[in-house]
Amino acid sequence: MFKTWRRPGKILEQKNVYSGRVYDVDQLHVQTPDGLKVERDLIRTDPTVTILAMTADDQVVMTNEYRVGVNRDSVSLPAGIVNPGETSEQAAARELKEETGYIAKSVQKMTRITSSEGFMDQFADLMLIRFDPVDRVRQHFDKDEFVSSALVPIDQVVGWIKTGKVNTAQSVSSVGYYLLFLKGKE
């Protein structure tokens, strides 16, 4: 059906044109799997995790944090960068603890998604964490972040997604994946 599906292109030339704190930009000359020679800009980033953290009674941890891409506070699931040498499972447990104070009891990778594969190499591992809301420690934010969190019934989160109040791709994907493939099968 798709004879070149998942076949890599051949990088003919790669030049870094910008390096920043969060991402780099490279200019590429590529021969695509179907033989085209194209010029593309690529934003290179670290891998990330997005965390669907749930209690036994289906309460979901939702966070509120300023996001520069939309220049406002955004309600979404907890998320963060996977540090060098860290697994996605370790990163998810660490980020949940840092941002919300909750301690993971179990961590499961649901799936991996790409963010904007047309120009970015970023992927996000969507993680399911189970936790007991009684087990909580003090939050520990990075020096340039402040995150507030709340427990919200999953049905309310689904309603927020339906009305566009929660619209981050990773949050929508995490909740959708859980509801489609995992709920009731755990």
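Here, the structure is the one placed above.
Residues numbered from 1 in each chain as written. Predicted model: local features only at pLDDT ≥ 70, side-chain atom pairs only at ≥ 80, totals over all residues. Heavy atoms only, no water.

## Some thoughts on unusual backbone geometry
Backbone geometry follows two general trends: most residues other than glycine have a negative phi, and most peptide bonds adopt the trans configuration.
Here's step 1: The phi dihedral of R6 is positive, around 70 degrees, even though this residue is not glycine.
Here's step 2: Looking at the secondary structure, you find R6 in the segment before β1 (10-19).
Here's step 3: Classification of R6 as exposed rests on a relative accessible area of 76%. (Helix = DSSP H or I, 4+ residues; strand = E, 2+ residues; numbered from the N terminus. Buried < 20%, exposed > 50% of the residue type's maximum accessible area, 1.4 Å probe, protein only.)

## Focus: the pattern of salt bridges
Here's step 1: For the structure on display, the rule yields nine salt bridges.
Here's step 2: As a salt-bridge pair, D135 and K105 come within 2.4 Å of each other at their nearest N and O atoms. One end of the pair, D135, is in strand β9 (residues 123-136); the other, K105, is in strand β8 (residues 102-114), with 30 residues separating them in the sequence.
Here's step 3: Within this structure, E86, R94, E95 and E98 form a network of salt bridges that share partners. (Salt bridge = Lys/Arg side-chain N within 4 Å of Asp/Glu carboxyl O.)

## A short note on the nonpolar core
Here's step 1: Core analysis: the largest hydrophobic core is formed by 17 residues, its most contacted members being L52, M54, V60, M62, M110, L128 and Y178.
Here's step 2: Those elements giving two or more residues to this core turn out to be β4 (48-54), β5 (59-67), β8, β9, α2 (154-163) and α3 (169-182).
Here's step 3: In this structure, V82, A92, Y102 and F131 belong to the second largest nonpolar core, which totals 12 residues. (Core = buried A, V, L, I, M, F, W, Y, C linked by side-chain atoms within 4.5 Å.)

## Some thoughts on the layout of surface pockets
Here's step 1: There is about 1700 Å³ of room inside the largest pocket.
Here's step 2: Residue lining of the largest pocket: 47 residues in total, with V22, T48, R67, I81 and Q122 positioned closest to the centre.
Here's step 3: For the lining of the largest pocket, the elements supplying multiple residues, two or more each, are β3 (37-45), β4, β5, β6 (72-76), β7 (79-81), α1 (88-100), β8 and α3.
Here's step 4: Per element, the largest residue contribution to the lining of the largest pocket is five residues, and it comes from β6.
Here's step 5: Residues that form the lining of the largest pocket fall into these classes: 17 nonpolar, 17 polar and 13 charged.
Here's step 6: As a volume, the second largest pocket reaches approximately 890 Å³.
Here's step 7: What lines the second largest pocket is a set of 21 residues, among which R7, P8, G9, E117 and G118 lie closest to the centre. (1 Å grid on protein atoms, 1.4 Å probe; cavity = no way out; pocket = protein on both sides within 12 Å on 5 of 7 lines; lining within 4 Å. Points joined across faces, edges and corners; volume = space filled by probe spheres on them. Nonpolar A, V, L, I, M, F, W, Y, C, P; charged D, E, K, R; others polar.)

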